[in-house]
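The chain contents come next:
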Amino acid sequence: MATSFDQPVGAGHAAGLSDGKSGGAGLRPGGGSDMMPVRRSVVARRIGATVACLAVVSILGVVLPVSSALDLEYVVSLALFAVATNLLLGFGGMVSFGQGVFYGVGAYVVALGWMHHVLSFVEAMLLAPFAGAAVAFFLGLLALRTRRLYFALITLAFSQLGYTIVQDQSSFTGGSNGVFGAMLPSWLLDPRTAFFFVLVVSVVAIAVLWKVTDSPFGLVLRAIRDNRERVDAMGVNVFAHQLAAFVISGFFCAVAGSLFVVYSQSAYPALLEWTSSGTPVFMAVIGGMYLFPGPIVGAFAYQLANTYLIEHTQDWQIILGVVLLAVVLLRPDGLTGSIEGLRSLVRRSGERVRGRHRHGSNGTGPAGPAGGEP
Amino acid sequence: MSSPILATHRLVRDFGGFRAVDGVELAIEPGTIHALIGPNGAGKSTLFKLMTGVLRPTSGDVVLGGESIGGKRAHAVARRGLVQVFQLSSICARLTVVESVMVGIVTMRHRSFDPVTLFHRRARGEALSVLDQVGLVDLAEARAGKLSHGDQRALEIAMALAVRPSVLMLDEPTAGMSPAETRATADLIVSEARSRNLTVVLSEHDMDVVFGISDRVTVLHQGRVIAGGTPGEVRAHPEVMAVYLGQGTDGGEVRS
Amino acid sequence: MARFLIEVIGTLSDAGSLFMVAAGLTLIFGAMRVINLAHGSLYMYGAFLMTTFVGASSGLRFWWSIALAAVIVAALGAVMELGIVRFLVGKEPLTQLVATFALFLILADTALHLWGNGARTVVAPSSVSGRFTIAGAVLPVYDLVIIGVAVAVGIGLWALLRHTSVGWRIRAAVDDPEVLESGGVNLRRLNLGVFAVGALLAGIAGAVVTPQVSVAPGMDESIIVTTLLVVVIGGLGSVTGTALAALVIGIADTVGTLVAPTWASTFMYLAVILVLVVRPWGLLGTPER
């Protein structure tokens, strides 16, 4: 493992650990405990970890060389992409392989607005999420007629539909070459400014998504994931809730897509292809779908490993394949889930041996000291 | 005698050429515990599904509180106050116990689209009080999937009660339970029905439960109602004795 | 008329090769309830192995190479089944999709090591590489070869499923694996066999089409998408539905190309989505529970 991405991965783990500590309270609205002091300390620790991570990422954005800061900027936007996808995947139980469509719509609204001189940058950035949400609404109406595997495959077909439209309608979209050029306004040209712009937008968007998952709506969504017939029998309109989740996910995936333009100053058809639709899914799976920070951890691990490995080996895909197989077959709850499981295991064995000898606070997983036992 | 809270009129359901429910007329009085019994294949489960909106009737109608609900979908029926507990254990495994009940409260209060967290504390308080009634409050923070079978059944009843139904439909609530769990569940049903003035419709194989807690019993056979009345009347009914009670009292556990 | 005939034969040839790949995928899904995103990789391996075996020569060796490539791909499929796929039986769709996508990635990079980045071509033996004229239409002979092989595969599958005890078991496994297992059938061996046969079909298809395509990395990715569409609109698990769907896709593509070339692919996807809107479980599929 290289030093170039040790720190951000560690930072991601810290977020995961802090939630693992609270027993996943970050996901469970009102979860944790009734005892307010305990709950307050959990909240405080979670806020502390979040602030610490943000501080680390911000500092890295300033001190890293520009090319590495750009990599980090991209990872941050991908984290948003993965979190927005995970609203469907981990919280809604809907396996969508069509998220690239919304990502691509977000990117192309900005890029085409510039190419056709119809939208200013700011207008395009504001419009992009709503375009993504609108597309998600119509695709959701169709896709949610199916379930499970068929849902995954029909969303994959959407991805390819979007890809071919963008690819073939070259007079409007620039075709397979995509759109590229000086599409950023002058105030965003400085790479450090662009970095913080992407960071702020992503963090705000992720915070909103956290609120959504930690709300009555998020609760009902998780209940549908676990047992849709039961929830249906309690009077919940399952279809309407899933459609709402689909639209929200489309909205924020499009935000992530518009941030891609800030990062790369381009948009191209491959953004919509099914393999790029798969990327946020794999990030969420690697990081862990059932904890809110999971996809963030996954995005950091995935993209930084990608960036690093592509420089040093031709076998990046083999390594990714082996990792994916290992996670999905051996650790289906992903990195964060494994850490949470490990911690509760340590805690339990700690309780069992307490009194005999003091139990150490280490050995809580690869990220080691980040969280710290009480 | 008041007007029935739940009624079926000439309810028919065909599966291919097979008529599972054949012109059933039911009238269930508010505030009563009403048992549906019958041998396997009598059409109890189908009748349940027709009343709760899981299945659509081939013909006929279901009327809840004066409003036709025949053919309405399950969540729309539940919204109107008729909530069911399934025959097989059916919980949200990854949710905690208190969260499971909060789903019902959030739904009943029309807050399920609420993307803001402020409602949570109130919903949580209400959920805990429902859990208190069914005796699960100590397990509030446990994962629903880790509960014992009996506790899961109690949780399901709590989830249904959280919606504040006017009619609670229980499909074999004691199936697979130990005698102690069965007794506790029967007591719970009676106390909830009496304290909330709740109408309970249950299908049940355990005749002790049926005759112990029901105000009214309806007997189905081959998709038709062959008898109905108080437990005493039904027990004495000659046709019932012939087709049902006579062929082995427990009615068998094996289900289709 | 001549033009029409050319289009018909071309469409049938495309649909035929698509059917061979898709039939393997749907057979596997039908028996094992596993979706395999690496199925297109098996097709690509069939094609690459073909380029290796044929070498510069053609003639009789061409036909032996098809058989050899297909058998090796079947063996590769068996290894995949033993190593990974059997652990996916009964798992969530997400697990199956991610795991087989991982196989897709691994196989793609391995192919890059084995055969490099360039495109390869295979020349069909002179006996089938020419053209023939019928009703004024000049047609490639090799189109008829592909159609013939596809029809043979279709008939073979039909005979296998309808008239052998293995076929009976496969059909029973689709209906109720538990009953089958309790009846003493070794499901593991059955699954292994089915997966190998599915891989064999992909291998045959990949090897047979080589004279008409350029064999290069990336053909796994492009074929798997179309294959998935075919099996989905045919109805997952239905071989007949797959044949029907391959025709639908082939025709949609041909008509689209004739009417509005820049919208052809778009039309194809729209046709797929339209079918799924009307029949969410595909043309001949049954609803998934």
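Reading guide: rules and limits
- In this convention, every chain numbers its residues from 1, walking through the sequence in written order.
- Written order decides the labels, with chains lettered from A and ligands numbered from 1.
- Since the coordinates come from a predicted model, pLDDT governs what is reported: local features require at least 70, and pairs of side-chain atoms require 80 or more to be given and counted, while whole-chain, interface and lining totals use all residues.
- Put simply, DSSP marks the helices as runs of H or I at least four residues long and the strands as runs of E at least two long, and each gets a number from the N terminus on.
- This radius of gyration counts C-alpha atoms alone. The globule rule is 2.2 Å times how many residues there are, raised to the power 0.38.
- Our contact criterion uses C-beta atoms placed from the backbone: two residues qualify when those atoms are within 7 Å.
- Counting other C-beta atoms within 10 Å of a residue's C-beta gives its exposure: the residue is buried at 20 or more, exposed at 12 or fewer, and partly exposed in between, where C-beta atoms are placed from the backbone.
- For a helix, the expected span equals 1.5 Å multiplied by the residue count minus one.
- Note on pairing: DSSP must find at least two bridges between two strands before they are called paired.
- To get an axis, a line is fitted to the C-alpha atoms, and for a helix only the part in contact is used. The angle between two axes follows their N-to-C directions and goes from 0 to 180 degrees.
- Note that Gly is not counted as nonpolar here; it falls among the polar residues with everything else outside the nonpolar set of Ala, Val, Leu, Ile, Met, Phe, Trp, Tyr, Cys and Pro and the charged set of Asp, Glu, Lys and Arg.
- Per-residue confidence from the predictor is given as pLDDT, running between 0 and 100.
- Roughly parallel refers to an angle under 35 degrees, roughly antiparallel to one over 145, roughly perpendicular to one between 65 and 115, and oblique to any angle outside these ranges.
- When the near helix sits turned anticlockwise from the far one by under a right angle, the crossing is termed left-handed; a clockwise turn instead gives a right-handed crossing.
- Structurally, a nonpolar core is described as a collection of buried Ala, Val, Leu, Ile, Met, Phe, Trp, Tyr and Cys residues joined by way of C-beta atoms within 7 Å.
- Domain delimitation in this document rests on an assignment produced automatically or drawn from a domain database.

Asker: I would appreciate a short explanation of the overall build of chain B in the present structure.
Answerer: Scanning chain B for helices and strands turns up nine helices and 10 strands. Since a compact globule built from 256 residues should have a radius of gyration of about 18 Å, the 18 Å found for chain B is in line with a globular shape. Principal-axis analysis of the C-alpha atoms gives chain B an extent of 55 × 40 × 40 Å. Taking the intrachain contacts of chain B between residues at least 6 apart in sequence as the baseline, contacts between residues at least 24 apart amount to 66%.

Asker: How do you make sense of the overall build of chain C when you look at a structure like this?
Answerer: Along its length, chain C carries 12 helices and two strands. Here the C-alpha atoms of chain C give a radius of gyration of 19 Å, agreeing with the 19 Å that 2.2 N^0.38 yields for 289 residues. Seen through its principal axes, chain C has C-alpha atoms that stretch 60 × 45 × 35 Å. Relative to its full complement of 289 residues, chain C shows a buried share of 49%. Taking as baseline every contact in chain C between residues at least 6 positions apart, the subset at least 24 positions apart corresponds to 77%.

Asker: Just checking my understanding: could you explain helix α11 (residues 238-264) of chain A for this structure?
Answerer: An α-helical turn contains 3.6 residues, so a residue and the one three or four places further along point in the same direction. Residue and element names in this part refer to chain A. Between its terminal C-alpha atoms α11 stretches 39 Å, which fits the 39 Å expected from 27 residues at 1.5 Å a residue. A large share of α11 lies buried, amounting to 21 of its 27 residues. Positive backbone phi, at 50°, marks Gln265, one or two positions downstream of α11.

Asker: I tried to follow the sheet that holds strand β9 (residues 216-221) of chain B on my own but got confused; where do I start?
Answerer: Backbone-to-backbone hydrogen bonds pair the strands of a sheet. The strands run either parallel or antiparallel. Residue and element names in this part refer to chain B. Strand order across the open sheet formed by six strands is β6-β7-β8-β3-β9-β10, with mixed pairing between neighbours. What marks the edges here is a single partner per strand, and that holds for β6 (82-85) and β10 (224-229). Geometrically, the sheet is characterised by an average inter-axis angle of 20° between neighbouring strands, direction not taken into account. Looking at chain direction, β6 and strand β7 (residues 167-171) are connected through four bridges and run parallel.

Asker: Sorry, what's going on with the interface of chain C and chain A here?
Answerer: Accessible area lost during the coming together of the parts is what is often quoted as the interface size. Each partner contributes to the interface: chain C provides 33 residues, whereas chain A provides 35 residues. Among the elements of the structure, α4 (93-115), α10 (219-234) and α12 (264-278) of chain C are those that each provide at least two residues to the side of chain C that touches chain A. Residue contributions to the side of chain C that touches chain A peak at 13 residues, all from α4(C). When grouped by side-chain class, the residues that make up the side of chain C that touches chain A number 26 nonpolar, four polar and three charged.

Asker: What's the story with the confidence of the model for chain C in this structure? I'm lost.
Answerer: Low-pLDDT stretches of the model should not have their predicted coordinates read in fine detail. For chain C, the average pLDDT comes to 85, and 93% of its residues sit at 70 or higher. Model confidence for the complex: the whole-complex pTM is 0.84, and ipTM, which rates the interface, is 0.87.

Asker: Would you explain unusual backbone geometry in this entry?
Answerer: What is expected of a backbone is that most residues other than glycine have negative phi and most peptide bonds are trans. Residues and elements named next belong to chain B. Located in the positive-phi region is Arg10, a residue other than glycine, with phi close to 45°. Given 12 C-beta atoms within a 10 Å radius, Arg10 is considered exposed. Of note, Asn197 is a non-glycine position whose phi angle comes to about 50°, a positive value. As for its position among the elements, Asn197 is in the loop between α6 (179-196) and β8 (199-203).

Asker: Honestly, the packing of helix α6 (residues 148-168) of chain A against α12(C) in this entry has me stumped. Any pointers?
Answerer: Between two packed helices, the angle of one axis relative to the other and the distance separating the axes together describe the packing. Close contact between α6(A) and α12(C) brings their axes to 9 Å; oriented N to C, the two are set at 155°. Put simply, α6(A) runs roughly antiparallel to α12(C). For the crossing formed where α6(A) meets α12(C), the hand is left-handed. Contacts between α6(A) and α12(C) involve Ile154(A), Ala157(A), Gln160(A), Leu161(A), Thr164(A), Ile165(A) and Asp168(A) from the first element and Ser265(C), Thr266(C), Tyr269(C), Val272(C), Ile273(C) and Leu276(C) from the second. Of the residues in the contact of α6(A) with α12(C), the class split is eight nonpolar, four polar and one charged.

Asker: So what exactly am I meant to see when it comes to the environment of Arg120(C) here?
Answerer: All names here are of chain C. In this fold, Arg120 is placed in the loop between α4 and α5 (126-129). Through-space distance from the C-alpha of Arg120 to that of Leu236 is 33 Å; in sequence the pair is 116 residues apart. Not counting the four nearest positions on each side in its chain, Arg120 is found in contact with Thr51 and Val215.

Asker: Honestly, the confidence of the model for chain B in this entry has me stumped. Any pointers?
Answerer: Across chain B, pLDDT averages 82, with 93% of residues at or above 70. Within the model, pLDDT remains below 50 along residues 248-256 of chain B, and this stretch shows 11 contacts once partners closer than five positions in the same chain are excluded.

Asker: Help me understand the nonpolar core, please; the structure alone is not making it clear to me.
Answerer: Across soluble globular proteins, you tend to see nonpolar side chains buried next to one another. Judged by nonpolar contacts, the single largest core of 287 residues is most densely connected at Ala158(B) and Val73(C). Each of domain 1 (6-90 + 163-247) and domain 2 (92-146) of chain B accounts for three or more of the residues forming this core. Discounting chain neighbours no more than four positions away, the residues touching Val73(C) are Leu42(C), Tyr45(C), Gly46(C), Leu49(C), Ala199(C), Leu200(C), Ala202(C) and Gly203(C).

Asker: When you look at the sheet that holds strand β1 (residues 6-15) of chain B in this model, what are you seeing that I'm missing?
Answerer: Residues and elements named next belong to chain B. Spatially, β2-β1-β4-β5 is the arrangement adopted by the four strands of the open sheet, whose pairing is antiparallel. A single partner strand is all that each edge strand has here, and the edge strands are β2 (18-28) and β5 (67-68). Pairing analysis gives eight bridges linking β1 to β2, with the strands arranged antiparallel. If you follow Phe15 over to β2, its bridge partner there is Phe18. Against the sheet, helix α1 (residues 44-52) engages β1, β2 and β4 (59-64), with an angle of about 60° to β2.

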